[in-house]
Every structure is written in structure tokens, then in C-alpha cells.
Amino acid sequence: MDVNAAVAAAAAIAGVLTGVIAMLAFRWSEREQKRPTRTSLHTDPVLPPGVDTVLSVLRSSAVVLDEADAVVKASSAAYALGLVRGGKLSVEPMLQMARDTRRDGEIRQVELDLPRRGTGRGEALAVSARVAPLGSRLVLLLVEDLTEARRIEAVRRDFVANVSHELKTPVGALSLLSEAVMDASEDPEAVERFAGRMQIEATRLTSLVQELIDLSRVQNDDPLEDAEPVRVDELVAEAIDRCRHQAGTKQITMAAAGAAELRVWGNRGQLAAALGNLVENAVNYSPARTRVGIAARRLSVPSGDLIEVAVTDQGIGISDKDKERIFERFYRVDPARSRQTGGTGLGLAIVKHVAASHGGEVTVWSSEGQGSTFTLRLPEAGAARDRALQHPDLDDEDGPTPESASYDPLPAPEVLP
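Residues numbered from 1 in each chain as written. Predicted model: local features only at pLDDT ≥ 70, side-chain atom pairs only at ≥ 80, totals over all residues. Heavy atoms only, no water.

> Explain the overall build of the protein to me, using residue names and the numbers behind them.
Looking only at helices and strands, one finds 13 helices and 15 strands in the protein. Sorting the 417 residues of the protein into buried and exposed places 40% on the buried side. Contacts in the protein between residues at least 24 apart in sequence constitute 66% of all its contacts with a sequence separation of at least 6. (Helix = DSSP H or I, 4+ residues; strand = E, 2+ residues; numbered from the N terminus. Buried < 20%, exposed > 50% of the residue type's maximum accessible area, 1.4 Å probe, protein only. Contact = heavy atoms within 4.5 Å.)

Pasting the structure below:
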């Protein structure tokens, strides 16, 4: 009995100790749950009601900082721009603005140029940063990316400057020539010479104004509103007729092949202007007694059949450096030669916009001293009708130009009778 009593007493004591230990563990667990953790130290500063929702729909990059400059909340755009790294604001000027605003409560705004992440070219990222107090402990930083807006502004500014310069040249020449005619009124030969020069400058001015109108029209109009099936052989014939006089003067042979039975879907006037510009450039930049070929064919691609029209010349060719810019407005490979040929530098820009607005593209292959081939690719009439064309945004002005494409020679064109 004594042994049994001892065992029972020991079991009772063990039970009491187990209960005490369990109670102490429960109390300790409750205290640990209420104790602030390292993570909660950064999230304790709760955002005012509704702020989190507002920040999530803002287009600007948003960062909220606490009194220790730790990031309480940051949008994905802020991370993408590299503003936040390792839970800290990584841009020192913005961090200093936040500290100043926390100290005096004043709203601050500044524009900064930041190094672009992931590029080795040192390109700057233009941003506008605005800092404002958010409650008593937090600071809100809003950052807007101005890079694209600045680029478009620069392109438009350059365009206005180029237009002004291009218009001033023939207008100034006409003014000087008219004074020369008045001074030489008693010299019939001088009057005839100056009048001829005036006619050349007037023609150049007319061409420039017309191409500016054409460029504005192809940028603003939807060519598929008045779209129709257009025969490629008719476009080729019209382009050749447009340049027949210039080609005859330089004894340049123009030839065409493969255009029969091919049709594209689009605005006839714009397509004729685009192909005419390519043929005219080929004639103007080709030496005398050479050949300009226009060849067309059907090209099968996964998205549908395309019609490819290639214009080949035996001219001076284009360097790799110039090929990257020839589709920009007013850009000329040889400005002196362009003045002699009457070029305005807008022809290829018009071709690029016409091709893009019709769901196609224009590419160039060229080698210095061996000539050039400009290839215009457009959806075939049936394929273009059957699918919805995606229109590119042409408000980017002179955005990235088509890269030089390797040229797969078309069948040799036959000389037109």
C-alpha cells in the first residue's frame, strides 16, 4: 500500500507540474503574439483609409516612407524605375526631399535626370518627383516618367525648325531673284536666266508644301476608311509615268515585272504616292545610263499573304550609319545632292507612314557603290479584308525605323516597251 500511495502521489505531483507548465507556455505564447516583430515595425504605420486604393490606380510611381526613411509601400512602377532597392529609397535627391518635407511639412517638386537601368549607353531617365506629407508620420513620393514626353517634344521642335529652314530657303531665293530681275530689267538675257531660276525655286517650294500636306494627311487619316482593291500593275505604271521625264533626261532604263494579277487593299492615292516616291528616289539618285527595276511578287507568311514590291537602283548606295535614319523627316544622305535633285527629305517618311497605316512595312537593303533596294510589303487584298488590321501609334513622330533587311532577289524585271 505504501508503494501504491507513493506512486499515486508522484503521479499527482507530475500532473500538477504539467498543468503549470502548460499554463505558462500559453501565457508566453500570447505575449509573443502581441510583441511587435521586425516585419510589423515596418508595417505598423498604417496608411490612412483609402490611400492604399488610390495609390494602386495612379499612373505615377508611388512610394510611402515612414519616419525612419523605410519604405512602407511602393508601387510596382517604382521598383521598375529602380527607385526602391532593399526596402530603401535609392535616389538620394528624392530621399533628401522627403526628409525636408517631414521636417517642415512643405510640399516639394523637382525634375531630375536619372541613369536608366539595364543599359550601358548612359541614357538619362527624365522624371518629375513630388513629395508631400501623408498624416503625421508618413511622407508620400510621386514620380512621373517624362522621358517619352520629352522625346516627342524634341521631335516636334526639330520638325518645326526643319520646316522653317526648308521654307526659308526657296522663299529667300525667290525674293533675291525677284530683286535681280528688277535690277536687270533692261537685260533680256539676265531676266531670262533669273526667271528660270525663279521657276526652279517655285517648283521646289510647291513640292515641299505638297509633301508637307501629304505627310500630314497620311498621319491623320485612316486609309482603310476608303480602302479598295488596288491593282499593283496600275500602281507601278503610274509610278513609272511620274518619273519618265527625269529618267529619259538621264537615259535611265526603267523596267517592271511580276505585277500582273496582284492586288493590295488600301487607299489608292496613298499607295500610289508611296510607290512613286520610291521610284522617284531611285531615278534621282542613280547615275546616267543605268537601270531602275520594279519587281512584285506574292509572299506567304503565317499571318496571311503579302504583296512585296521592290524598287532596285544602281546608284551610290547608302552607308550603314545613314540606313538607320533615312526614314526620318528631312533627313538626307547627301544634302548637296538633294538640293540638286530637288529632294525635300520627306519622301521616305511618307512611305513609312503609308506602309504602317496599311498594316505593312518598308525595308531597305543597300551597299555603298552597289545601289539600293527598297522593299514595300503590304497585305494582299483578300487577306487584308478578312482580318482586322492593327494600326500602329504614329504619334511617336520618328520612332524606331525599319531595320535593314537581307534582300532576296526577285525575278529579273523585263524592260517596258
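Additional details are given in the paragraphs that follow.
> I'd like a rundown of the pairing of strand β13 (residues 361–367), residues and numbers included.
Across seven bridges, β13 lies against strand β14 (residues 371–379) in antiparallel orientation. Each bridged residue has a counterpart across the sheet, and for W365 the counterpart in β14 is T373. Adjacent in sequence and paired antiparallel, β13 and β14 are bridged by three residues, among which G369 carries a positive phi angle near 85°. (Pairing = 2+ DSSP bridges.)

> Could you give me a rundown of helix α9 (residues 268–284), with the residues and numbers involved?
Taking 1.5 Å of rise per residue, 17 residues should cover 24 Å, and α9 covers 24 Å from first to last C-alpha, within 8% of that figure. For α9, the tally of buried residues reaches 12 of 17 residues, placing the bulk of the element in the interior. Taken as a whole, α9 has its buried residues at Q270, L271, A272, A274, L275, G276, N277, L278, V279, A282, V283 and N284. (Expected span 1.5 Å × (residues − 1).)

> Can you tell me about the pattern of salt bridges, naming the residues and giving the values?
Under the counting rule described, the total for this entry stands at 20 salt bridges. The salt bridge partner of R268 is E238, with a shortest N-O separation of 3.7 Å. Pair noted here: R268 is in helix α9 and E238 is in helix α8 (residues 232–249), with a separation of 30 residues, a long-range link. The exposure class of R268 is partly exposed, given its relative accessible area of 30%. In this structure, E308 and R377 form a salt bridge, with 2.6 Å as the shortest nitrogen-oxygen distance. Here the residue E308 occupies a position in strand β12 (residues 304–312), and R377 occupies one in strand β14, the gap between them amounting to 69 residues. Judged on exposure class, the residue E308 and its partner R377 are both buried. In the salt-bridge network here, residues are joined through shared partners; they are D69, E92, R99 and R102. (Salt bridge = Lys/Arg side-chain N within 4 Å of Asp/Glu carboxyl O.)

> Give me the lowdown on the side chain of D69, citing residues and values where you can.
Within the secondary structure, D69 sits in the loop between β1 (61–65) and β2 (71–74). Leave out the neighbours within four places in its chain, and D69 touches K88, L95, R99 and R102.

> I'd love a proper account of the nonpolar core, names of residues and values included.
In this structure, V232, V236, M254, V264, I294, V311 and F374 are the most contacted members of the largest nonpolar core, which totals 48 residues. With eight residues, α9 is the largest single contributor of residues to this core. By size, the runner-up hydrophobic cluster in this structure holds 23 residues, among which are L81, L89, L95 and A98. (Core = buried A, V, L, I, M, F, W, Y, C linked by side-chain atoms within 4.5 Å.)

> So what's going on with the sheet that holds β1? Which residues, and what values?
In space, the five strands of this open sheet follow the order β2-β1-β7-β6-β5, with antiparallel pairing throughout. The two strands at the open ends of the sheet, each matched to only one other strand, are β2 and β5 (108–115). Recorded for the sheet is a direction-independent mean angle of 25° between the axes of neighbouring strands. Pairing of strand β6 (residues 124–134) with strand β7 (residues 138–145) involves eight bridges; the strand directions are antiparallel. If you follow R130 over to β7, its bridge partner there is L142. Along the sheet, helix α5 (residues 92–104) contacts β1, β5, β6 and β7; its crossing angle with β5, the most-contacted strand, is approximately 165°. (Axes fitted to C-alpha atoms, helices over the stretch in contact; angles between N-to-C directions.)

> So what's going on with the environment of I252? Which residues, and what values?
Counting through the fold element by element, I252 comes out in the loop between α8 and β9 (253–257). For the pair I252 and R291, spaced 39 residues apart in sequence, the C-alpha separation works out to 5.5 Å. Residues contacting I252, with those up to four places away along its chain left out, are A247, V283, S286, P287, R289, T290 and V292.

Nothing here speaks to function; it is geometry throughout.
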